[in-house]
Amino acid sequence: EPLSDEGIQKLRQIARQTWLYFERFVGPNDHWLPPDHFQEEPKGAVAHRTSPTNIGLMLLSTAVAYDFGYIGVFDFIYRMTYSFEALDEMEKYRGHLLNWYDTRSLETLSPRYVSTVDSGNYATSLIGLYQSFKEIPEHRICPRVLFLGTSDSLGVLIKTADAIESDALAEEVKSLCSHCLSIQED
């Protein structure tokens, strides 16, 4: 069954929140590789290790962020370039990524092994990413896609503002988002 407009919006919000993780934590300090997780409590700790599954998910999430208008083509290309440069530097066994790497040093972590599950997840992600790369020359991001990306970002901002105990801030953010959505409808 086709999704309702509300269902589509909810899924886009989840996509934007997922991308926010990669946007926040994937960068030069971790060689453009995704940390395994971020533990908010008790002290906001980042696990500076990654696996082939994590890397594949990050690669596909970056392609989706581009498709959904969260990032532009140059951001997509430089993120992919830096990530693949790091992947080239990482130790492998017969061409396979090992299961855990330190994202700051790129050294393998013990125990060193190749996981067939993680390797399969990574390979599947590369197939999907290849399809995205093939489409880039023909891909035209229209203003509607960029606006939807901005609208998704505003939705995440509203959700965050709602958690802040400041009615004035929450109302300002809601007003801004309502204005943007009314422009989209015109």
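Everything here concerns the structure above.
In this report, we go over the structure that sits alongside the text. Here the structure is a predicted model, which means the values were calculated and not measured.

With the exception of glycine, the majority of residues adopt a negative phi angle, and the majority of peptide bonds are in the trans configuration. Cis geometry is adopted by the peptide bond preceding P42, which originates at E41 and carries an omega value of 10 degrees. Here P42 lies in the loop between strand 1 (37-39) and strand 2 (45-47). Backbone torsion omega between S110 and P111 reads -5 degrees, so that peptide bond is classified as cis. Tracing the backbone through its elements, the reader meets P111 in the loop between strand 6 (101-102) and helix 4 (116-135). Even without being glycine, H31 reaches a positive phi, approximately 55 degrees. With respect to the helices, strands and loops of the structure, H31 is situated in the loop between helix 1 (5-25) and strand 1. The exposure class assigned to H31 is partly exposed, which follows from its relative accessible area of 26%.

Overall, the coordinates contain four salt bridges when judged by the stated rule. A salt bridge links E23 to R16, with the shortest nitrogen-to-oxygen separation between them at 3.1 Å. For the salt bridge of D75 with R79, the shortest nitrogen-to-oxygen distance reads 3.2 Å. Taken as a pair, D75 and R79 lie in helix 3 (residues 73-89) at a separation of four residues, close to a single helical turn. Across this residue pair, the class does not change: D75 and R79 are buried.

Basis of the calculations
Residues numbered from 1 in each chain as written. Predicted model: local features only at pLDDT ≥ 70, side-chain atom pairs only at ≥ 80, totals over all residues. Heavy atoms only, no water. Helix = DSSP H or I, 4+ residues; strand = E, 2+ residues; numbered from the N terminus. Buried < 20%, exposed > 50% of the residue type's maximum accessible area, 1.4 Å probe, protein only. Salt bridge = Lys/Arg side-chain N within 4 Å of Asp/Glu carboxyl O.

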